[in-house]
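# Structural description and commentary
What follows is the residue order along each chain.
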Amino acid sequence: MENIKLKINGIEVSAPKGSTILDAAHLAGVKIPTLCYFKEINEIGACRVCVVEVKGARNLVAACVHPATDGMEVLTATPQLIKSRKKTLELMLSAHDRRCLECVRSGNCEFQSMCQELGVEDSGFYDGDRPIHEIDTTAPHLIRDNNKCILCRRCTSICEQRQHVAVIGPNNRGFDTVIGSPFEMGLGDTSCIHCGQCVSVCPTAALQEKPYIDEVLAAIADPTKYVVVQPAPSVRTALGEEFGYPIGTDVEGKMAAALRRIGFDGVYDTCFGADLTIMEESEEFRKRLIDGVGKMPMFTSCSPGWVSFCEHYYPELIENLSSCKSPQQMFGAVAKTYYATEKKIDPKDIVSVSIMPCTAKKYEAGRDDQSAAGPGIPDVDYSITTRELARMIRKVGLDFRNLPDEKFDDIMGDSTGAGVIFGASGGVAEAALRTLVARLENKELKDVDFHAVRGMDGIKEATIHVAGKDVKIAVTSGMTNAKKILDQVRAGTSDYDFIEVMGCWGGCVAGGGQPHCDAETWNHTDVRGLRAKVLYDIDVKREYRKSHKNPSIIKLYDDYLVGGPGADKAHHILHTSYKKRKVNEFLD
Amino acid sequence: MLERTQVPPFEGTKEQEKQLLAMIAAHKDERGALMPILQKAQDIYGYLPIEVQTMISDETGISLEKVYGIVTFYSQFSLTPKGKYHISVCLGTACYVIGAGDIFEVIEKKLGIKGGECTPDGKFSLDGCRCIGACGLAPVLTINSDVHGRLTLDDIDPMLAQYE
Ligand code: SF4
Ligand code: SF4
Ligand code: SF4
Ligand code: FES
Ligand code: FES
């Protein structure tokens, strides 16, 4: 590629043609502060904290969107620039509820750290004009507090561009501008799919998950309750980031130790639920493919963000969704039936808690037809995010870095490598194939790695020859990517048999409940890939790598789910149903 | 629920809906079609309530939030219908300094609506406007094409009563 040469702060830099000033500065190791900029998602040049001086230009320019050109001379940190940036931040601060001390984002808030770095003075010049916004708690998964919003629009851009949902946006104009939903509806009244990607990219505390930390701690403290916990595969790939470990550090052992010390009565693993999902899903797929029972292609159903998207935006395709509950719900269902029987506990006294990289799991826990033990006994009582777990660990005073590595408890803590890779886009398809091939051909695969479905591309394809058939597989994540495939399926032009869909791009490792990374990190690091690698590394190390080889799963079917996968008992406990919904359904 | 603008019940007719759908069908594949569609929709209905914006969203595939964001950005669009009697209070400088602000507020209270809204029975709507060139009569307001000048707060009740 052609290169250009320019000078940044007097130092010669060479950068590919088409770079912005910000890109070129990054190559030269020069940091320019940014707030609204989020690579490929929000490149709108709105906040003006990234202003720089360009020799010969009349005004300061926004480095994040201004192209770098040959021979350009740029200054990034003159006293005048720092003053200008401070002014910009002070203006934002004047309309901000700046009670940092009690704020969930204090310590990892991009706005707070920038104000500190630039030495902004909080003297409250404009306090009189601060608009007071009502806090929106109508959604099941997140809280919007516009008193902390700096109008960067990263949330609205990701919702529209990555998720094709666009239920939030800027309303009104000028001083009255607020981020919200149409007609001042609460987010809970819209067709939001609960993915939490907006929370992930928000630099401040304007968006946060709906927390259940106190409820969970109260259940643990209640001697009449038996509290079981299941962390999802992806939680162990990212929890460490909250305690200073580099992105991509496996903290499975410390996480198990932490959960035990928080006081959970049983420390288990969602990967067990994932193995169970594979047992049911591969049998369901076999029935559709070989016996011709049910619609083809079959979509996976473990991502509740995706399930909501299908219900609202492609209601004509809900019969293509696998009827399998997600691993979270299968785990919860088994905890309140089989496990309750084994341990002789009344299911009403079991509190089932999940730790998820996802905010949509909070919504999923409250969906209809997710109560295997009977009405009023939900499979999962509380779902909390990876971030909430980190807060809980700090709240109870654990020194995470110095915890020993421990194992999960027996019965529901056992998992195979197949259950672990569920957290990465392609992982469900790969895990399903390992078991499907065994089931259809009655022989075991030697090489269990399906590289074609790995990696962070938005759409991946593979064809597997099994039982005399070419089975065509597609793997997609992020709803804007998925839409391309869904449109083909709807039009009848797709020839796929099995389609794995995950709500968030890259899969659960990049879910809306994972630890916050600042935009700078997202812009320059393969966060998803590094976290996913943790899962593939664990997979190789697990004793078993195929779900149907999990001894605890084999025992579960032998002792309790009589008839095997897909039989009546399993169907009653482990499967669910869907509903046709609309995009704009509040008028009905 | 967050605070919402008051609107009288939607009374769009089948005929209006037919016109709207035909108009959207004619425009929807054009680039930047939303602005002209919104303008024409407002011509058809006189305002852009949730029912109309939803039809536009469903037909164009543009999210309702995008539609609403644009409607609330441009002052040419209205979320509320004009009442049978539309009151427009001049808030220009001459009127303002002599008490138009108070008059506006008293009318808001008496009608139970805010500026930009319409009473639920569809009778009165209220807006502020810039100088209408009748500064000699300040403070001044118009109700449809009638001009009421040199108003005091005591004049408001009898004035409104004329439109019962
Ligand atoms: S959002 Fe950031 S700046 Fe605002 S109160 Fe919270 S920590 Fe402080
Ligand atoms: S949770 Fe997802 S769908 Fe809902 S507003 Fe946020 S980004 Fe959009
Ligand atoms: S809610 Fe957060 S991401 Fe959205 S505009 Fe406000 S500060 Fe930015
Ligand atoms: S304008 Fe460049 S980061 Fe906001
Ligand atoms: S200011 Fe009111 S008419 Fe001129």
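Residues numbered from 1 in each chain as written. Chains lettered and ligands numbered in written order. Predicted model: local features only at pLDDT ≥ 70, side-chain atom pairs only at ≥ 80, totals over all residues. Heavy atoms only, no water.

### Remarks on the overall build of chain A
Of the regular secondary structure elements, chain A holds 20 helices and 17 strands. Taken over the C-alpha trace, chain A has a radius of gyration of 25 Å; the compact-globule value for 588 residues is 25 Å, and the two agree within 12%. Across its three principal directions, the C-alpha atoms of chain A cover 80 × 55 × 55 Å. Taken over 588 residues, chain A has a buried fraction of 61%. Across chain A, the fraction of contacts at a sequence separation of at least 24, relative to all contacts at a separation of at least 6, is 74%. (Helix = DSSP H or I, 4+ residues; strand = E, 2+ residues; numbered from the N terminus. Rg over C-alpha atoms; globule rule 2.2 N^0.38 Å. Buried < 20%, exposed > 50% of the residue type's maximum accessible area, 1.4 Å probe, protein only. Contact = heavy atoms within 4.5 Å.)

### Focus: the packing of aromatic side chains
Geometry of an aromatic ring pair is reported as the spacing of the ring centres plus the angle between the planes. All names here are of chain A. Summed over the entire model, instances satisfying the criterion amount to 16 aromatic pairs over all chains. Ring centres of Phe-243 and Phe-400 lie 4.5 Å apart, and the angle between their planes is 20°; this geometry places the pair in the stacked category. Residue Phe-243 is located in the loop between helix 7 (235-238) and helix 8 (252-262), and its partner Phe-400 is located in the loop between helix 13 (386-395) and helix 14 (417-420); the two are separated by 157 residues in the primary sequence. For Phe-243, a relative accessible area of 15% gives the class buried. (Phe/Tyr/Trp six-rings, centres within 6.5 Å; stacked < 30°, edge-to-face > 60°.)

### What about the domain arrangement of chain A?
Residue and element names in this part refer to chain A. Along its sequence, chain A is carved into domain 1 (3-77), domain 2 (93-209) and domain 3 (213-574). Centre-to-centre separation of domain 1 and domain 3, based on C-alpha positions: 42 Å. Listed per partner, the contact involves 5 residues of domain 1 and 5 residues of domain 3. Of the roughly 550 Å² buried where domain 1 meets domain 3, counting both sides, 56% is carbon and sulfur surface. Looking at the side of domain 1 facing domain 3, the largest losses of area belong to His-26, Phe-38 and Lys-39, adding up to 66% of the total buried there. Counting every contact that joins domain 1 to domain 3 gives 0 salt bridges. When grouped by side-chain class, the residues that make up the side of domain 1 that touches domain 3 number 2 nonpolar, 1 polar and 2 charged. (Domains from an automatic or database assignment. Buried area = accessible area lost by both parts, 1.4 Å probe. Salt bridge = Lys/Arg side-chain N within 4 Å of Asp/Glu carboxyl O. Nonpolar A, V, L, I, M, F, W, Y, C, P; charged D, E, K, R; others polar.)

### Remarks on the nonpolar core
Residues and elements named next belong to chain A. Grouped together as the largest cluster of nonpolar side chains are 39 residues, with contacts concentrated most on Phe-299, Trp-306, Phe-309, Leu-321, Leu-486 and Ile-499. Secondary-structure elements contributing two or more residues to this core are helix 4 (154-161), helix 5 (197-201), helix 10 (304-313), helix 16 (479-491) and strand 17 (498-502). Both domain 2 (93-209) and domain 3 (213-574) contribute no fewer than three residues apiece to this core. Residues within four places of Phe-299 in sequence aside, it is in contact with Trp-306, Leu-317, Asn-320, Leu-321, Ser-322, Leu-486, Val-489, Ile-499 and Val-501. Formed by 35 residues, the second largest nonpolar core is a distinct cluster that contains Met-255, Met-392, Phe-400 and Phe-408. (Core = buried A, V, L, I, M, F, W, Y, C linked by side-chain atoms within 4.5 Å.)

### Quick word on the site of ligand 1
Near ligand 1 you find 13 residues, and of these His96(A), Cys100(A), Cys103(A), Cys109(A) and Lys148(A) are the closest. Each residue belonging to the shell around ligand 1 can be placed in one class, and the counts come to 5 nonpolar, 4 polar and 4 charged. (Near = heavy atom within 4 Å.)

### Section: the domain arrangement of chain B
How big an interface is tends to be expressed through the accessible area that disappears when the partners come together. Taken domain by domain, chain B consists of domain 1 (14-73) and domain 2 (85-161). For domain 1 of chain B and domain 2 of chain B, the distance between their C-alpha centres works out to 31 Å.

### Here we look at unusual backbone geometry
Trans peptide bonds make up the majority, and among non-glycine residues the majority have a negative phi. In this chain, Met296(A) is followed by Pro297(A) through a cis amide linkage whose omega measures -5°. Within the secondary structure, Pro297(A) is located in the loop between helix 9 (270-291) and strand 12 (298-299). The omega torsion across Ala138(B) and Pro139(B) is -10°, close enough to zero to call that bond cis. Looking at where Pro139(B) falls in the secondary structure, it is placed in the loop between strand 2 (124-129) and strand 3 (141-143). Positive phi values are uncommon outside glycine, yet Ala166(A) reaches one of about 55°. With respect to the element layout, Ala166(A) can be found in the loop between helix 4 and strand 7 (169-171). Phi is positive for His194(A), which is not a glycine, with a value near 70°. With respect to the secondary-structure elements, His194(A) resides in the loop between strand 8 (178-180) and helix 5.

### Focus on the site of ligand 3
Neighbouring residues of ligand 3: 13 residues in total, closest Cys149(A), Cys152(A), Arg153(A), Cys155(A) and Cys202(A). In the shell around ligand 3, the residues fall into 10 nonpolar, 1 polar and 2 charged.

### Things to note about the interface of chain A and chain B
Listed by partner, the interface residues are 23 residues for chain A and 22 residues for chain B. Of the roughly 1900 Å² buried at the junction of chain A and chain B (both faces included), carbon and sulfur atoms supply 59%. Considering only the side of chain A, the residues that lose the most area to chain B are Phe183(A), Glu184(A) and Asn584(A), jointly responsible for 35% of the buried surface there. Inspection of the region where chain A meets chain B yields 1 salt bridge.

### Comments concerning the pairing of strand 16 (residues 469-477) of chain A
All names here are of chain A. Relative to strand 16, strand 15 (residues 459-466) runs antiparallel, the two being bridged by 8 bridges. Looking at strand 16, one finds that Ile-464 is bridged to Val-471. In this structure, the hairpin formed by strand 15 and strand 16 is closed by a connection of 2 residues, where Ala-467 is found at a positive phi of approximately 50°. In this sheet, strand 17 lies alongside strand 16 in parallel orientation, the contact comprising 5 bridges. What sits directly across from Ser-477, in strand 17, is Met-502. (Pairing = 2+ DSSP bridges.)

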